[in-house]
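# Structural overview for review
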Amino acid sequence: MKTLKYILASALCVLVYTACSGNTKTAAEGAEQPAVGQQPLPVDVASKAIVVFFSHAGDNYSVGNIKVGNTKIVADYISELTGADQFEIVIDKYDGMAYKPLCDLAKAEQENGELPEFKGAIDNIDQYETVFVGGPVWWGTYPQVMFTFFNRYDLNGKTIIPFTTHEGSGLGRCVDDVKKAYPKANVTGAFSIYGHDVRDGKASVEKWLNGLGYGK
Ligand SMILES: Cc1cc2nc3c(=O)[nH]c(=O)nc-3n(C[C@H](O)[C@H](O)[C@H](O)COP(=O)(O)O)c2cc1C
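## Some thoughts on helix H5 (residues 174-181)
- Among the residues of H5, Cys 174, Val 175, Val 178 and Ala 181 are the ones counted as buried. Considered in projection along H5, the buried side chains sweep an arc of 125° and stay on one side of the axis.
- Looking at the buried positions of H5, the neighbouring elements they touch are strand E5 (130-136), helix H4 (144-152), strand E6 (159-166) and strand E7 (186-187).

Now the structure itself:
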């Protein structure tokens, strides 16, 4: 009975956040299309790049209890395929939390506009011209801790390439939120992939990166 209640609660959580996200692109549709007459600025693949990401290992809706989070797997593919450095946004607040309480906490954080603290710092952000920004979609956009990062680091003037892992929301509001945080950045080439697909998803990531000009 307890298990049944948990499954129902989890399913409800997903239904609600999928409905709230306002964007239900499939993985195949994940690469963001530019509006007509508004081509994305090209990515200078020779520029120094860093992958900034948050990823939550542990109890996960569709892939069980995972040691390595879905977004981290994508971040690792990006670094392997492009040579980009990495900065992982680490926060221990969510360690060991079950899926449903985490959903509730994340929703409250978003509603209250909380900016939870993360560990560590990037050594000289100015050395990077290109920044891949990635995270899971939580309630339609990036987790609040990523907004803490956005508040702390000025990425205006750089090329920002957003990516997400998700279970139905695609890019959700992430691209718009990055553009709002960095109105003077070149936000381009966004990509999303289902969290349950990432372990077999290296070829999709490689295809996306090739489309941006990497690996040619
Ligand atoms: C608190 C929470 C909220 C979530 N909200 C959404 C959502 O709004 N839309 C969606 O498609 N998936 C949502 N998910 C599913 C995650 O985006 C998905 O499992 C993702 O791949 C997790 O990545 P990670 O392992 O790197 O943290 C949510 C998961 C959690 C834990």
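Now that the structure has been shown, we can carry on.
## Description of the pairing of E6
- Within E6, 8 of the 8 residues are buried, leaving the element largely enclosed by the surrounding structure.
- With burial as the criterion, each face of E6 is covered, one bearing Thr 159, Ile 161, Phe 163 and Thr 165 and the other bearing Ile 160, Pro 162, Thr 164 and His 166.
- Pairing of E5 with E6 involves 7 bridges; the strand directions are parallel. The residue of E6 that forms the bridge with Gly 135 is Thr 164.
- In the sheet, E6 pairs with E7 via 2 bridges, with the strands oriented parallel. Across the sheet, the residue bridging to Ile 160 is Val 187, located in E7.
- Bridge analysis of E6 against strand E8 (residues 191-194) gives 4 bridges, and the strand direction is parallel. If you follow Thr 164 over to E8, its bridge partner there is Ser 192.

## Notes on unusual backbone geometry
- Even without being glycine, Asn 124 reaches a positive phi, approximately 60°.
- The phi torsion at Trp 139 lies on the positive side, around 50°, for a residue other than glycine.
- Along the chain, Trp 139 falls in the loop between E5 and H4.

## Quick notes on the nonpolar core
- Within the largest apolar cluster, 48 residues are counted, with the highest numbers of intra-cluster contacts made by Val 52, Ile 78 and Phe 132.
- A per-element tally of this core places strand E1 (residues 49-53) first, with 5 residues.
- Not counting residues within four places of it along the chain, the set of residues in contact with Val 52 comprises Phe 87, Ile 89, Val 131, Phe 132, Val 133 and Phe 149.

## What to know about the packing of helix H2 (residues 70-82) against helix H6 (residues 202-212)
- Viewed as axis vectors pointing N to C, H2 and H6 meet at an angle of 50°, and their least axial separation amounts to 10 Å. Judged on the interaxial angle alone, H6 and H2 are oblique. Crossing of H2 over H6 shows right-handed handedness. Judged by residue contacts, Val 74, Tyr 77, Ile 78, Leu 81 and Thr 82 of H2 engage Lys 202, Val 205, Glu 206 and Leu 209 from H6.

## Side note on the environment of Val 90
- Tracing the backbone shows Val 90 in the loop between strand E4 (85-88) and helix H3 (99-112).
- Remark: the alpha-carbon pair of Val 90 and Phe 118, spanning 28 residues in sequence, is separated by 5.4 Å.
- Once residues lying within four places of it in the same chain are set aside, the contact partners of Val 90 are Phe 118, Lys 119 and Gly 120.

## Considering the environment of Ala 181
- Positionally, Ala 181 belongs in helix H5.
- With 21 C-beta atoms packed within 10 Å, Ala 181 lands in the buried category.

## Considering the confidence of the model for the protein chain
- Here the protein chain averages 86 in pLDDT, while 81% of its residues score no lower than 70.
- Predicted confidence for residues 1-10 stays below pLDDT 50, and this span has 5 contacts to residues more than four positions away or in other chains.
- Note that pLDDT drops below 50 for residues 19-29; the model gives that stretch 26 contacts with residues more than four away or on any other chain.

So, how was this worked out
The written sequence of each chain sets the order in which its residues are numbered from 1. Owing to the predicted nature of the model, reporting of local features is limited to residues with pLDDT of at least 70; listing and counting of side-chain atom pairs is limited to 80 or more, with chain, interface and lining totals taken over all residues. Backbone-placed C-beta atoms define the burial measure: a residue is buried with 20 or more other C-beta atoms within 10 Å of its own, exposed with 12 or fewer, and partly exposed in between. Only DSSP runs of H or I reaching four residues or more are called helices, and only runs of E reaching two or more are called strands; each is numbered from the N terminus. Think of it as the arc spanned by the lines of direction from the helix axis to the C-beta atoms. Residues are defined as contacting one another if the C-beta atoms placed from their backbone atoms lie within 7 Å. Any two strands with at least two DSSP bridges between them are considered paired. Linking buried Ala, Val, Leu, Ile, Met, Phe, Trp, Tyr and Cys residues through C-beta atoms within 7 Å yields a set, and such a set is a nonpolar core. Axis geometry follows a simple rule: fit a line to the C-alpha atoms, using only the stretch in contact for helices, then measure angles between N-to-C directions, giving values from 0 to 180 degrees. Just so you know how the angles are binned, under 35 degrees is roughly parallel, over 145 roughly antiparallel, 65 to 115 roughly perpendicular, and the rest oblique. Crossing handedness is read from the near helix: turned anticlockwise from the far helix by less than a right angle, it gives a left-handed crossing, and turned clockwise, a right-handed one. By definition, pLDDT measures how confident the predictor is in each residue, and it falls between 0 and 100.

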